[in-house]
Amino acid sequence: MKVLKFGGTSVANEENITHVKNIVAQVDDHKVIVVVSALGGITDLLLETAGQAAEQNGDYKNNLKVIEERHLQTIKALIPIDQQSKTLSKVKSELNSLETLLEGAFSIGEITPKLSDKIVSYGELLSSYIISEFFITADLDAVHKDARELIKTNDIHGKAVVNFDLTNTKCRDFVSNSSNKIIVLGGFIASATNGDSTTLGRGGSDYTAAIITGAINADILEIWTDVSGMYTANPKIVKQARAIDHISYEEAMELSHFGAKVLYPPTIQPVLSMGIPIRIKNTFKPSDPGTLITKNQLKEGKTVRGISHVEHIALLSLEGSGMVGIPGISKRFFEVLSLNQISVILITQASSEHSICVGISSDDIDRAVLVVNEAFEYEISLEKIKPVIAEKDLAIIALVGDKMKSHQGLSGKMFSTLGKNNVNIRAIAQGASERNISAVIDKEDVKKALNSLHEEFFEENIKQLNLFVMGVGNVGSKLLTQIQQQQKYLKENLKLNIRVIGISNSRTMVFSENGIALDSWEKALAAGEKADKTAFFNKVKELNYRNSIFVDNTASDIVSDTYATYLGQSISVVTCNKIACSSEYNNYRKLKNLAKEYNAPFLFETNVGAGLPIIDTLKHLIASGDKVLKIQAVLSGSLNFVFNNFNAKNTFKDIVKQAQEEGYTEPDPKIDLSGVDVMRKILILARESGYQLEIEDIENKSFLPQQALDTKNNEDFFSSLEKNEAIFQELYKEAQASESKLKYVAQFEDGKASVGLQNIPKKHDFYNLEGSDNIVLFYTERYPDQPMIIKGAGAGAEVTASGIFADIIRIGNF
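Residues numbered from 1 in each chain as written. Predicted model: local features only at pLDDT ≥ 70, side-chain atom pairs only at ≥ 80, totals over all residues. Heavy atoms only, no water.

1. Examining the sheet that holds strand S13 (residues 344-349)
Link 1 in the chain: Within the open sheet, the 6 strands sit side by side as S13-S14-S12-S15-S17-S16. Their pairing is antiparallel. The open sheet has two edge strands with one neighbour each: S13 and strand S16 (425-430). Taken pair by pair, the neighbouring strands of this sheet meet at an average axis angle of 30 degrees, ignoring direction.
Link 2 in the chain: Where strand S12 (residues 306-319) meets strand S14 (residues 355-361), 7 bridges bridge the pair, whose relative direction is antiparallel. Counterpart to leucine 315 in the pairing with S14 is glycine 359.
Link 3 in the chain: Relative to the sheet, helix H11 (residues 329-339) contacts S12, S13 and S14, its axis offset from that of S14 by approximately 15 degrees.
Link 4 in the chain: On top of the sheet, helix H14 (residues 410-420) reaches strand S15 (389-400), S16 and strand S17 (436-442); it is set at about 20 degrees to S17, its chief contact. (Pairing = 2+ DSSP bridges. Helix = DSSP H or I, 4+ residues; strand = E, 2+ residues; numbered from the N terminus. Axes fitted to C-alpha atoms, helices over the stretch in contact; angles between N-to-C directions. Contact = heavy atoms within 4.5 Å.)

2. Some points on H14
Link 1 in the chain: Taken as a whole, H14 has its buried residues at Leu410, Met414, Thr417 and Leu418. Buried residues of H14, viewed axially, fall in a sector of 95 degrees; they line one side.
Link 2 in the chain: Where H14 is buried, its residues contact S15, S16, S17 and helix H15 (446-458).
Link 3 in the chain: Directly after H14, the chain includes asparagine 422, whose backbone phi takes a positive value near 60 degrees. (Buried < 20%, exposed > 50% of the residue type's maximum accessible area, 1.4 Å probe, protein only. Arc of directions from axis to C-beta.)

3. What to know about the side chain of threonine 74
Link 1 in the chain: As for its position among the elements, threonine 74 is in helix H3 (residues 60-78).
Link 2 in the chain: Not counting chain neighbours up to four residues away, the residues in contact with threonine 74 comprise Glu14, Ile17, Leu39 and Ile130.

4. With respect to the environment of aspartate 226
Link 1 in the chain: The topology assignment puts aspartate 226 in the loop between strand S8 (220-225) and strand S9 (246-248).
Link 2 in the chain: Taking C-alpha positions, aspartate 226 is 8.8 Å from valine 262, a pair spaced 36 residues apart along the chain.
Link 3 in the chain: Not counting the four nearest positions on each side in its chain, aspartate 226 is found in contact with Thr9, Asn282 and Phe284.
Link 4 in the chain: Engagement of the side chain of aspartate 226 in a polar contact is seen with the side chain of threonine 225, the distance being 3.2 Å. (Polar contact = N/O pair within 3.5 Å; in protein donor to acceptor, adjacent residues only side chain to side chain.)

5. Focus: the pattern of salt bridges
Link 1 in the chain: Applying the stated criterion to the full structure yields 27 salt bridges.
Link 2 in the chain: A salt bridge links arginine 546 to glutamate 455, with the nearest nitrogen and oxygen atoms 3.4 Å apart. Here glutamate 455 lies in helix H15 and arginine 546 lies in the loop between helix H18 (533-543) and strand S22 (548-552), a separation of 91 residues in the sequence. Summarising the burial analysis for this pair, arginine 546 and glutamate 455 share the class buried.
Link 3 in the chain: One salt bridge in this structure joins glutamate 688 and lysine 592, with 3.1 Å as the shortest N-O distance. Taken together, the residues glutamate 688 in helix H26 (residues 676-688) and lysine 592 in helix H21 (residues 585-597) connect sequence positions 96 residues apart. Here glutamate 688 and lysine 592 have matching classes, each one buried.
Link 4 in the chain: Look at the salt bridges and you will find they share partners, linking Glu605, Asp616, Asp807 and Arg810 into a network. (Salt bridge = Lys/Arg side-chain N within 4 Å of Asp/Glu carboxyl O.)

6. So, the packing of H11 against helix H12 (residues 365-375)
Link 1 in the chain: For the pair H11 and H12, interaxial distance at closest approach is 10 Å and the crossing angle is 135 degrees. With respect to each other, H11 and H12 are oriented oblique. Read as a crossing pair, H11 and H12 show a hand that is right-handed. From H11, Arg332, Phe333, Val336 and Leu337 reach across to H12, where they touch Ala368, Val371, Val372 and Ala375.
Link 2 in the chain: Considering only residue class, the contact of H11 with H12 consists of 7 nonpolar, no polar and 1 charged. (Parallel < 35°, antiparallel > 145°, perpendicular 65-115°, else oblique. Left-handed = near helix turned anticlockwise from the far one by under 90°. Nonpolar A, V, L, I, M, F, W, Y, C, P; charged D, E, K, R; others polar.)

7. Here's the deal with the sheet that holds strand S5 (residues 182-186)
Link 1 in the chain: Strand order in the open sheet made by the 8 strands is S3-S5-S2-S1-S8-S10-S11-S9, with mixed pairing throughout. Each having just a single partner strand, strand S3 (142-144) and S9 make up the two edges of the open sheet. With direction set aside, neighbouring strand axes in the sheet form an average angle of 20 degrees.
Link 2 in the chain: As judged from the 5 bridges shared by strand S1 (residues 2-6) and strand S2 (residues 32-36), these two strands associate in the parallel manner. Residue pairing for S2: valine 3 is matched across the bridge by isoleucine 33.
Link 3 in the chain: Where helix H1 (residues 14-25) meets the sheet, it contacts S1, S2, S5 and S8, and its direction lies at approximately 170 degrees from that of S1.

8. Examining the packing of aromatic side chains
Link 1 in the chain: Tallied over the full model, the rule gives 24 aromatic pairs.
Link 2 in the chain: Ring centres of phenylalanine 468 and phenylalanine 511 lie 6.4 Å apart, and the angle between their planes is 45 degrees; this geometry places the pair in the tilted category. Here phenylalanine 468, found in strand S18 (residues 463-470), pairs with phenylalanine 511, found in strand S20 (residues 508-511); they are 43 residues apart in sequence, far enough to count as distant. Each member of the pair, phenylalanine 468 as well as phenylalanine 511, is classed as buried. (Phe/Tyr/Trp six-rings, centres within 6.5 Å; stacked < 30°, edge-to-face > 60°.)

9. Side note on the packing of helix H23 (residues 637-645) against helix H24 (residues 652-661)
Link 1 in the chain: In contact at an axis separation of 9 Å, H23 and H24 are set at 140 degrees when each is read in the N-to-C sense. Taken together, the axis directions place H23 and H24 in an arrangement best described as oblique. Along this stretch, H23 crosses H24, giving a crossing that reads as right-handed. Contacts between H23 and H24 involve Phe641, Val642, Phe643 and Asn645 from the first element and Phe652, Ile655, Val656, Gln658 and Ala659 from the second.

And the structure:
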């Protein structure tokens, strides 16, 4: 014998009800009990209509008309026209009774809990009758039964308590005496012993099904809904969530208590003692296996079975020195909440007995503050206890699993994951059974928290990185191409899932919550909204994704000024923009400290040497205890390109122009040729070596004429280079005369730094440096005579983009 329950979505309309009929028709048991909810949305509409009537708002009649039309239309769509009269007559009669009740509420301007139960019960009464008649006209051996005649309760309206002795007897007698294969009845509704309608609380249709299952000792309870079982997390929030194949009663109860919407929390209790299995199935995908819930604990499988959450939570805290060692404080606190029908969802208490904190529904918080302060008015007046503290806009997240108690480190793993993603924990609770670990967090962090935890505990260590890219010129566009090419490789080999969520240039910006398609990002960006750096940051903050990374591919000081705001929100920053790290030392240190404080990496490998691992190597030297004594370097790929190609047969201006066109220089080439760019780079290396230095402390031996340095735009700059060609040719001749090559060299030693053009002799390490290559010589305590040398391509959009990409991957591997 089976009991099948179909929720509001499953019976929302005639199409869905036809799915239900097909499912029921295929059940081969000799007897089937079908429990149905009201048509989708009708319960809420009944409550709204009752409220309007009680407020003497004549609009209640419009809602009543909608309710009538929904049910009559369903009948006409499901039942052949020549068989409709009986059903239409019965439903219209019931609707007339409903109208009479609403007119009474309107007349007296009031609605009592008793009247509310009567009104709201019509949802299930009508749906169950219509569905049973549909089954009969479809040649199914079905009969309708009013659930109020079977399920008996006390007279506490709204949340009635079941009289199981009486209910079980009535259910067993009726089912055993019924000759029909299919019995259809409405969920949620019951009656007191005096016959008055009562209800079992919201979600009570599941409870009805479980009560009947236990009463008749059915083989299984099947709960049919719009999802394929209980999921590892809410699939609407966590896209990677998947259905759990098999779960224990206790795990299911914990998950349902903490917000899993598939089950109403008390549902399992009536079948628990009977050991009857429950299966959660999908009405719209009936072939999916769903989730089986049984008494026995699984011997194999994941330690954490699911991650759930409850929204609309508030914390209520009672604290004060007068609580310590005083018996009865906790009793009084919980007693006053109980007397005022305020349900406690979570409890935590300090071992010092100095405070008690509980989580309750946010709907109850204002009333709770009032009644608790009244209860402890005397102690508050003596300042032994502080007035109760309320915190709103919170949520509870919970890890659930039977086997959690036998595994060490789960709490640490949970809290570490949340901490890494800047999710602040307001309260923690763990039951003695260790079947769940709960934490209270800000409601705005729920999505990020659930996704972070699901990634950590369920997704085979695949880490999702969410990128927000500003600047898509030469470097930025190459970066997006590289990410697109490597997405599959990274997911399969490094377990990294990289998504680009936002892109901005100087004109427009675009966001896609599920990731921008990288084969058409230009088209999406062109159709985007107007670019605004503040709005861009606000959107990143609003999305609040885990593992968010802001990628700056610009050379803008305005953009670099925003790094602190990103880091302060635990959003990592990757940048090729040298301005921030070469700004005032205090700002550089502030950014480094923010990165450490908020666990948000701040990586800028491409600030020096494009894609070369210069800064990363230096960091490892310092971290391993080495000390930098001296740095010599050719750090400008653009200047190396210029002086490797400049000779007596061409002009200095033409070579600089070529370097600009090929992407070796900054958009403003004067930054490179003036030495400012190299100054920034050696400054960054000195700071990363542990020295406090400002850019003004660096000696710049510029080779450019003052006229060129004073120009304000690129046109004037190139014109100045052309006018001063003789100066540049003279520099070349001097180098040739001494069998040397011109190299722009940066040096740091004894706390002092300098940059300038030098004639490099043949035997020097810098002499054979070709093209746009960079080279760095690190002289350290471990490498005092023969330096550590890093050499390679140090300029160009492709290698710079690869360096940025490498930093992104580093963050993924943290």
